[in-house]
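Close look at the chain arrangement
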Amino acid sequence: MNPADNQIYIIIFSTLFLGGLMSTFVVAMVFIHRQRQAQNRQKMDQMRAEFEKTIRNVEHEIHQETLTQVGRELHDNIGQLLSLTKLNLNSPKPEKQTEGREYLDKIIKEVRALSKTLNLDWLESVSLDDFIRQQLEKIQSTGFCQTALESDGSYLELSKDQKLVLIRVIQECLNNAIKHAQPDRIDIRIAKNNQSRRIEIQDDGAGFDPSKASTGSGMFNLKKRMETIGGKFYLTSEVGKGTHITLELPF
Amino acid sequence: MKEVNLDLFFDRLNYYQLSLAAFAIAGLFGYSLLSTAQRKNEAVRLSLGILVVVACYELIGTFVGAQQIVNNWVYNLFNSHVAAILFFLLLRSFLKRKSHKKMVNILIVLFLLTSLVLHLTGFVHYNDSGEYISFLNTVLMLCCCGLYFIELITLDEFLDVDPLREFSFWASTAILFYFSSSFMIYISHKYLYTHHLDIYYMVREIPTNMTLLCNLLLCMGIYSPLIKDRFKLEIIHV
């Protein structure tokens, strides 16, 4: 084989080699892309399952919370009213009997209101602002601490799932404040900026060290729940200086 | 004054030049039927630009050759520079990341500057067989194709699309194949033409047919939005 023939073979083989290399490259790219798509689908399915699980848990917890509240209401409010009614109706005085009948009307109203809360459908009719207002009023009515709500109405439009999660997270934050912080004041501020809307929960209670492991898991759960609805959870606290929680949700 | 030899020009016209001219006319016709919004699509505009430029320079090259004048400058200017830049821009239009788009801009400037320096220093001549410029633009073109494929396998925007139905994928693949398969032929152009004319004519078929395939695909890219509108059928997504 003379050198000229060699060069021809080199040219032909190099061309074929480059063509083959490029074909392999393109096929490999499509293969990797397909694999990535499959992985992404799997990840999305996993995320969807996790989201559904979170929503189910949240619904269950809200049910439990509602039942506890109903129990408390039956014992502290309706039970008391029924005792008063019994006393009044047993009295021979006509004015006491009238008062007893008035108590009966009040009991009927209270029971109706209470029965509504047993069904989670009430969540659809109530706005987040109204829910927070009710919760704060309840806290204040017990004389536990002063509360205030300041809202620009930026959370009035929410999907049912987002509302459920936010309600649960806010309930949890308020419960934690009452249980552990003994604050004199709880302030909730709802506002928005160009990219997101924020709920800020501020108390002037005992505060804590967020780096401690005992408090970490609760925060982690709240953070994860916010993430399932595409939101963020921030917490800052210091012993003796209260706690500041921010719940952020993009538009 | 030398007389224009049209007979030889027409004699030299073969399926290749005629097909390219047909693609360019079909592309222009298809483009005229597109809506204003569809015409604004960068990929469609550049595809049409490539079809027209390639058809024009092949006809000019054949015409100049038919006048017994060395026509290498036509290919050096239009094929290695104008068409190459249009291909760079087409690949840039497929990229999503701004940094990658910037990289392509840098590669274009780098290519033009290198070419200018090589010409000004006399290292290459405008009428030579253009091995160095072809080598340079092929290497840079392969880098641009690489950028597209990197985006394809890393960006989340591509996760929802089927690459086999994407114009950008097929165009990038066609460009990749065209430049990589023509690479060895362009850089060995002078050697083959001087020493092995028979083999030169044989291997020249590779870039010729790749150009036809590439232009056919670009033409389809122009017609794809039309077919989608008229027949509710999307062959490839532009």
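Residues numbered from 1 in each chain as written. Chains lettered and ligands numbered in written order. Predicted model: local features only at pLDDT ≥ 70, side-chain atom pairs only at ≥ 80, totals over all residues.

Things to note about the overall build of chain A
A count of helices and strands for chain A gives six helices and five strands. Counting from the amino terminus, chain A carries its helices and strands in the arrangement α-α-α-α-β-α-β-β-α-β-β. Taking the principal axes of its C-alpha atoms as reference, chain A extends roughly 130 × 40 × 35 Å. Counting only residues that meet the buried cut, chain A has 16% of its 251 residues in that class. (Helix = DSSP H or I, 4+ residues; strand = E, 2+ residues; numbered from the N terminus. Buried ≥ 20, exposed ≤ 12 C-beta atoms within 10 Å, placed from the backbone.)

So, the nonpolar core
In globular proteins that are soluble, nonpolar side chains generally tend to be buried together. Of all hydrophobic cores here, the largest spans 57 residues; its most connected members are Phe-87, Leu-91, Cys-144 and Ile-175 of chain B. The set of elements that each furnish at least two residues to this core consists of helix H1 (3–90) of chain A together with helix H2 (15–33), helix H4 (42–66), helix H5 (72–94), helix H6 (98–120), helix H7 (131–154), helix H8 (167–187) and helix H11 (205–231) of chain B. A total of twelve residues in this core trace back to one element, the largest contributor, which is H8 of chain B. Core analysis: the next-biggest nonpolar cluster, separate from the first, contains 24 residues, Leu-128, Tyr-155, Leu-166 and Val-169 of chain A among them. (Core = buried A, V, L, I, M, F, W, Y, C linked by C-beta atoms within 7 Å.)

Examining the environment of Gly-61 of chain B
All names here are of chain B. Inspection of the secondary structure assignment puts Gly-61 in helix H4. Separated by 52 residues in the primary sequence, Gly-61 and Phe-9 have C-alpha atoms spaced 9.8 Å apart. Not counting chain neighbours up to four residues away, the residues in contact with Gly-61 comprise Asn-71, Val-74 and Tyr-75. (Contact = placed C-beta atoms within 7 Å.)

Re the pairing of strand S5 (residues 243–250) of chain A
Within a regular strand, the side chains alternate between the two sheet faces. All names here are of chain A. Of the two faces of S5, only the one carrying Thr-243, Ile-245, Leu-247 and Leu-249 is buried; His-244, Thr-246, Glu-248 and Pro-250 on the other face are not. Both strand S3 (residues 196–203) and S5 contribute to a ladder of eight bridges, which runs antiparallel. Counted as the bridge partner of Asp-203 is Thr-243 from S5. Sheet topology note: the strand S4 (residues 232–237)/S5 ladder contains six bridges and is antiparallel. Along S5, the bridge assignment pairs Lys-232 with Glu-248. (Pairing = 2+ DSSP bridges.)

Quick word on the interface of chain B and chain A
Counting from both sides, the interface comprises 19 residues of chain B and, opposite them, 16 residues of chain A. Only H7 and H8 of chain B provide two or more residues apiece to the side of chain B that touches chain A. In terms of residue count, H8 of chain B provides more of the side of chain B that touches chain A than any other element does, eight residues in total. Looking at the side of chain B that touches chain A residue by residue, the class counts come to 13 nonpolar, six polar and no charged. (Nonpolar A, V, L, I, M, F, W, Y, C, P; charged D, E, K, R; others polar.)

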